[in-house]
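Descriptive analysis of the structure
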There are 2 protein chains.
Amino acid sequence: MTTSYSTIQSGPEVITAQVMYDFSAEPGNNELTVKEGETVTVLNQNVGGGWIEAQNSRGESGLVPEDYLQVSVCDDDDDGEWDEEWDDARSTGGYGETTGEEEGEATGHVGPVWLYPQSPLDCVVADPKKGSKMYGLKSYIEYQVTPNTTNRPVNHRYKHFDWLYERLLEKFGSAIPIPSLPDKQVTGRFEEEFIKMRMERLQGWMCRMCRHPVVSNSDVFQLFLTYRDEKEWKTGKRRAEKDECVGPMVFSLIDPEAPELDIIEVEQKCELFSRFTKEMDDGVKDLLNVGNIHWKRCTGPLRKEYQKIGKAFQNLSSVFNTSGYTGEATLTDALTAAGKTYEEISQIVAEQPRKDLHFLMETNNEYKGLLGCFPDTIGVHKAAIEKVREGDKMVAAGKINTQDKGTMAKRISIMCYSLQAEMNHFHSNRIYDYNRVMQLYLEEQIRFYETVRGGQEREGSMKR
Amino acid sequence: MTTSYSTIQSGPEVITAQVMYDFSAEPGNNELTVKEGETVTVLNQNVGGGWIEAQNSRGESGLVPEDYLQVSVCDDDDDGEWDEEWDDARSTGGYGETTGEEEGEATGHVGPVWLYPQSPLDCVVADPKKGSKMYGLKSYIEYQVTPNTTNRPVNHRYKHFDWLYERLLEKFGSAIPIPSLPDKQVTGRFEEEFIKMRMERLQGWMCRMCRHPVVSNSDVFQLFLTYRDEKEWKTGKRRAEKDECVGPMVFSLIDPEAPELDIIEVEQKCELFSRFTKEMDDGVKDLLNVGNIHWKRCTGPLRKEYQKIGKAFQNLSSVFNTSGYTGEATLTDALTAAGKTYEEISQIVAEQPRKDLHFLMETNNEYKGLLGCFPDTIGVHKAAIEKVREGDKMVAAGKINTQDKGTMAKRISIMCYSLQAEMNHFHSNRIYDYNRVMQLYLEEQIRFYETVRGGQEREGSMKR
């Protein structure tokens, strides 16, 4: 396991691109429709196969042919996204070295961090296809997964993702929180909307796993992304299932070349982090809760209410039209237009959550899953610290010798490095994710009120 | 009763004024606070006593000292508001002449209309004061009513308005719909909010009565507005209560100098109008219904929901602040600001109905009351037409002679003139009122979305 002591710098820069030609997405292929002149955010330039993953201003993301985009020049190189010191560091391609230092006091010193690869791994989940087995008796959906390292797509069903999740949980669960996969849903599995939603969530889950330097570098994860044929997949699967270096054993792989950490200080940090994740969990659940209620209100009662107001205005206009009295065309036109504006507002209000709340909710849902893993991870850690304390007593009682106790302390120290690196990984990802989600959410909100006001203003100007 | 055949022209022009100095309203005096540079709509320049009744852009209205306003020059004279031909017509000051012609076919010919006075009567209800009787055992609220004719305020309690209503109903109810007074409310009579609301509604009721050329010209109405002392009031009251020219008798006062109307045609018009008022009644009730629901949603659940979203964002910001991790000040600032923006939106949403829906609801409430009177008025009319039909049979059966029948037909004809003038009065007022309410409503809606968007935009710009 590789950690590096470093200073975390400011958040990642957003890379944008100008769309040069119109491009229409093929439905269900994880492609993104763009218009000439539009500005999109580049999410991933390393997808390969001539594609770039981009996100439009409505928060929708997907693949666009790279010839269609002119990517803005950006000062930062790719690694600049995460940590300046990663430029100097070299990934060892897995567990091996550990470098560490005491935590600094100066601002910006966050303590041990994982050693991140120079080119972050990423993958695209796209093109869900219906397949069948047993002469069509059983059917399933197969997703195409393309890593940016090989640019070669592999196919996986949901149950393969589930298998991968189980392996990662078994192997890394003691040290690294492995969030659950998106819910398994039995009914309506082939419903288009559901497939799209699942694909989006599998994409989110895979992204998060790719971003983790330890997980993404593991044999089982690499197998999942890069197997060449059925035989290689099956052999790899068997090997992964027989892997004995799982659970707390994972710590044994860590190079002990690092000074021991102060147990009291680590315990305090751990306590702080435990409280932080609990409170963030509450905050996230709270936001999800009110977000859900608001979503339902917007698409339900509020939509209907605006519709009814619109109908009431239009109805009054119709009645007024039957008066047989002259000189009220301006009034009835205004009433009709006001009514139609309200019906438009009704639709805008109902469609809004899909545009802004959706991404906010998805991100918070992901974090809810992630935060749910921390109590276990922290529990393993606390138990270990307890063991060190007992160790002191056992030495005093002559039950173990000082050398055994030293070995024990060293192992615990490694766990502490690992947990601290994991905390820092969590924080830097959290800041990146929430910065992004807040920006998109607020932009979408402004667009919403502008749209509504635009309609009202057109309406108002007709009246004057 | 005076009717005039004329062409109703386009709706009334709105007169505006520029505020030249700041003016602070004295609470409860029906005054309006205005700011230098603000533009207000002039509702009544003939209030007298150095006051102008004006309405601000938020739909609030009240008195402003005339020195504080610069009224825009307007092409129309006062009478232009209602009918071009009124310039030529002269009010006879009461029931007397009737002039009428056959209904024209050309567009714009609406048939008989009341003869409107050159200077419309108006009054201001203001300055509610608490009074008491029986050594303080009984207390009441007295309103100051100032007509634009004398500029001399008179005081009236709610029960005097109620007395006036009863007199007007008794005298004119067969020919003219007299809307009910605002509801009598027994509990919380001295609650400030309630007094303000009642005053506003009494003002609306008085305005409507003032606008009616027949009602406003009647002795009892003039007494109410212009009595000089307690003695004159008491004497006038006794006289009004003894008035025998009430109910259907009111028609006998109308000058029969007019060609008889075609009974079939009148019946059709009457049927059309009856259907129109019923359908408008449904439409108005529908709008009031959904308006009420929307009002409650905005001030209740929606307000709370935006508050909760705001709190959830701010709470997440507080949690993030405890991370001990560096470089997230921008994010926590953005979350806090987003949270505060939502709390502001919550308040704006909750206060909005009072700004826009209020006036729309009040106007529709008034019309609901007015429309409720028409079935009775139309009923009297239909019964009369039935009598004419019977008359033919009675002549055939030798029960009455042709002369009796002729007198009968003439009386019915007068009733028809009266009803048609009343229909036209209703329509022209309806168009005026709804034009005004729609314009204010839509302007207020635009302002609302602009305010919200402004807050969001400030927020969004902080994020970028």
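Keep in mind that what you see is a predicted model, and the values were worked out from it rather than measured.

Before going further, it helps to examine the overall build of chain A. Of the regular secondary structure elements, chain A holds 9 helices and 10 strands. In chain A, which comprises 464 residues, the share counted as buried stands at 52%. Considering only contacts in chain A between residues 6 or more positions apart, those separated by 24 or more positions represent 73%. Of the roughly 22,000 Å² of accessible surface on chain A, a fraction of 48% belongs to carbon and sulfur atoms.

A separate point is the environment of Lys 355 of chain B. Residues and elements named next belong to chain B. With respect to the helices, strands and loops of the structure, Lys 355 is situated in helix H7 (residues 329-355). On the accessibility criterion, Lys 355 (31% relative accessible area) is partly exposed. In this structure, the C-alpha to C-alpha distance between Lys 355 and Gln 445, residues 90 residues apart in sequence, is 8.9 Å.

Each copy superposes on the other: chain B lies on chain A with an RMSD of 0.2 Å after a rotation of 180 degrees and an axial shift of 0.1 Å. One copy is carried onto the other by what is essentially a two-fold rotation axis. Among all residues of chain B, the minimum C-alpha distance to the rotation axis is found for Tyr 449 of chain B, at 3.0 Å. Both copies share a contact surface, since 100% of the interface residues of chain B are interface residues in chain A too.

A few words on the sheet that holds strand S9 (residues 138-147) of chain A. All names here are of chain A. Here we have 3 strands laid out as an open sheet, ordered S8-S9-S10, and antiparallel in their pairing. Bordering the open sheet on either side are strand S8 (123-133) and strand S10 (154-157), each of which pairs with just one other strand. For this sheet the average axis-to-axis angle between neighbouring strands, irrespective of direction, equals 35 degrees. Direction of pairing for S9 relative to S10: antiparallel, over a ladder of 4 bridges. Each residue of the ladder has a partner; that of Gln 144, found in S10, is Asn 155. Of the strands in this sheet, S8 and S9 are in contact with helix H2 (residues 192-211), which crosses S8 at around 130 degrees.

All names here are of chain A. With respect to the helices and strands, the residue Gln 203 is situated in helix H2. Within the structure, Gln 203 has its side chain in polar contact with the backbone oxygen of Cys 123 (distance 2.8 Å). Setting aside chain neighbours within four positions, we find Gln 203 in contact with Asn 30, Glu 53, Cys 123, Val 124 and Val 125.

Once that is clear, we can look at the interface of chain B and chain A. Tallying the contact residues gives 65 residues for chain B and 65 residues for chain A. For the chain B and chain A pair, buried surface summed over both sides reaches about 6,300 Å², with 68% attributable to carbon and sulfur atoms. We note a salt bridge from Arg 297 of chain A to Glu 305 of chain B, for which the minimum N-O separation is 2.6 Å. Across the chain B-chain A interface, the total number found is 8 residue pairs in polar contact (both at pLDDT 80 or more). For the side of chain B that touches chain A, the elements supplying multiple residues, two or more each, are helix H6 (263-321), H7, helix H8 (357-396) and helix H9 (402-463) of chain B. For the side of chain B that touches chain A, the class distribution of residues is 33 nonpolar, 18 polar and 14 charged.

Residues and elements named next belong to chain A. When pLDDT is averaged along chain A, the result is 80; 82% of the residues meet or exceed 70. Element-level pLDDT for chain A is lowest in strand S1 (residues 3-7), with a mean of 36, against a maximum mean of 96 in helix H4 (residues 219-226). With pLDDT under 50 throughout, residues 1-12 is counted as low confidence; its partners more than four residues away or in other chains account for 60 contacts. For the stretch residues 73-108, pLDDT sits under 50, and the model shows 80 contacts to residues farther than four places along the chain or on other chains.

Let's shift gears to a positive patch on the surface. Residues and elements named next belong to chain B. On the surface, Lys 133, Lys 138, Lys 159, Lys 234, Arg 238 and Lys 242 cluster together into a positively charged patch. The element contributing the most residues to the positive patch is helix H5 (residues 230-242), with 3 residues. With respect to the helices and strands, the residue Lys 133 is situated in strand S8 (residues 123-133). In this structure Lys 133 comes out as partly exposed when scored by relative accessible area, which is 35%.

Residues and elements named next belong to chain B. Spatially, S8-S9-S10 is the arrangement adopted by the 3 strands of the open sheet, whose pairing is antiparallel. The sheet terminates laterally at S8 and strand S10 (154-157), the two strands that pair on one side only. When the angles between neighbouring strand axes are averaged without regard to direction, this sheet yields 35 degrees. Where S8 and strand S9 (residues 138-147) come together, 9 bridges link them in antiparallel fashion. In the sheet register, Lys 129 faces S9, and the bridge partner there is Glu 142. Running over the sheet, helix H4 (residues 219-226) touches S8, S9 and S10 and is turned about 110 degrees from S10.

All names here are of chain A. Where helix H1 (residues 158-172) contacts H4, the two axes come as close as 10 Å, and the packing angle between them is 165 degrees. By the angle class used here, H1 and H4 are roughly antiparallel. Taken as a pair, H1 and H4 cross one another with a handedness that is left-handed. The residues of H4 that touch H1, namely those facing His 160, Phe 161, Trp 163, Leu 164, Arg 167 and Leu 168, are Val 220, Phe 221, Leu 223 and Phe 224. Taken together, the residues that form the contact of H1 with H4 break down as 8 nonpolar, 1 polar and 1 charged.

On to the side chain of Asp 356 of chain A. All names here are of chain A. Within the fold, Asp 356 resides in the loop between helix H7 (329-355) and helix H8 (357-396). For the buried Asp 356, which has no salt bridge, the nearest side chain bearing the opposite charge is Lys 355, at an N-O separation of 9.0 Å. In terms of polar contacts, Asp 356 uses its side chain to reach the side chain of Gln 352, at 2.7 Å. Setting aside residues up to four positions removed in sequence, Asp 356 forms contacts with Tyr 441, Glu 444 and Gln 445.

What follows concerns the nonpolar core. The biggest cluster of nonpolar side chains holds 93 residues, and the ones touching the most others in it are Met 280 and Phe 313 of chain A together with Met 280 and Phe 313 of chain B. When contributions to this core are tallied by element, the ones reaching two or more residues are helix H6 (263-321), H7, H8 and helix H9 (402-463) of chain A together with H6, H7, H8 and H9 of chain B. When residues no more than four places from it in sequence are discounted, the contact partners of Met 280 of chain A are Tyr 367, Leu 371, Phe 426, Arg 430 and Tyr 434 of chain A together with Leu 316, Val 319 and Phe 320 of chain B.

What follows covers the pattern of salt bridges. Residues and elements named next belong to chain A. By the definition in use, this model includes 28 salt bridges over all chains. Between Glu 343 and Lys 311 there is a salt bridge; the shortest N-O distance is 3.4 Å. Of this pair, Glu 343 sits in helix H7 while Lys 311 sits in helix H6, and the two are 32 residues apart along the sequence. Relative accessible area serves as the criterion here: at 27%, Glu 343 is assigned to the partly exposed category. Overlapping salt bridges, with partners in common, bring together Arg 208, Arg 211, Glu 366 and Asp 433 in one network.

Here the focus is the packing of aromatic side chains. Enumeration according to the criterion identifies 38 aromatic pairs over all chains in this entry. Look at Phe 23 of chain A and Tyr 68 of chain A: their rings are 5.5 Å apart centre to centre, the planes differ by 70 degrees, and that puts the pair in the edge-to-face class. Note that Phe 23 of chain A is positioned in the loop between strand S2 (15-19) and strand S3 (39-48) and Tyr 68 of chain A in the loop between strand S5 (61-65) and strand S6 (69-71), a separation of 45 residues in sequence. The interplanar angle of 35 degrees and the centroid separation of 5.1 Å between the aromatic rings of Tyr 227 of chain B and Trp 233 of chain B together place this pair among those described as tilted. Comparing Tyr 227 of chain B with Trp 233 of chain B, the two get one shared label, buried. One aromatic cluster is present, built from ring pairs that chain together Phe 273, Phe 276, Tyr 367, Phe 374, Phe 426 and Tyr 434 of chain A together with Phe 320 of chain B. Directly above the ring of Tyr 140 of chain A sits Arg 157 of chain A, whose terminal nitrogen or CZ lies 4.0 Å from the centroid.

What follows is about H8 of chain A. Helix length check: H8 of chain A, at 40 residues, gives a terminal C-alpha distance of 59 Å against a target of 58 Å (1.5 Å per residue), a fit within 8%. Where H8 of chain A terminates, the next one or two residues include Gly 398 of chain A, which has phi positive at roughly 75 degrees.

Conventions and cut-offs
Residues numbered from 1 in each chain as written. Chains lettered and ligands numbered in written order. Predicted model: local features only at pLDDT ≥ 70, side-chain atom pairs only at ≥ 80, totals over all residues. Heavy atoms only, no water. Helix = DSSP H or I, 4+ residues; strand = E, 2+ residues; numbered from the N terminus. Buried < 20%, exposed > 50% of the residue type's maximum accessible area, 1.4 Å probe, protein only. Contact = heavy atoms within 4.5 Å. Areas by Shrake-Rupley, 256 points an atom, 1.4 Å probe, with all protein chains shown as cover. Least-squares fit on C-alpha atoms with pLDDT ≥ 70 in both. Pairing = 2+ DSSP bridges. Axes fitted to C-alpha atoms, helices over the stretch in contact; angles between N-to-C directions. Polar contact = N/O pair within 3.5 Å; in protein donor to acceptor, adjacent residues only side chain to side chain. Buried area = accessible area lost by both parts, 1.4 Å probe. Salt bridge = Lys/Arg side-chain N within 4 Å of Asp/Glu carboxyl O. Nonpolar A, V, L, I, M, F, W, Y, C, P; charged D, E, K, R; others polar. pLDDT = per-residue confidence, 0-100. Patch = residues over 30% accessible without salt bridge, like charges linked within 9 Å, V, L, I, M, F, W, Y side chains within 5 Å. Lys, Arg positive; Asp, Glu negative; His and termini not counted. Charge placed at Lys NZ, Arg CZ, Asp CG, Glu CD. Parallel < 35°, antiparallel > 145°, perpendicular 65-115°, else oblique. Left-handed = near helix turned anticlockwise from the far one by under 90°. Core = buried A, V, L, I, M, F, W, Y, C linked by side-chain atoms within 4.5 Å. Phe/Tyr/Trp six-rings, centres within 6.5 Å; stacked < 30°, edge-to-face > 60°. Lys NZ or Arg CZ within 6 Å of the ring centre and 35° of its normal. Expected span 1.5 Å × (residues − 1).

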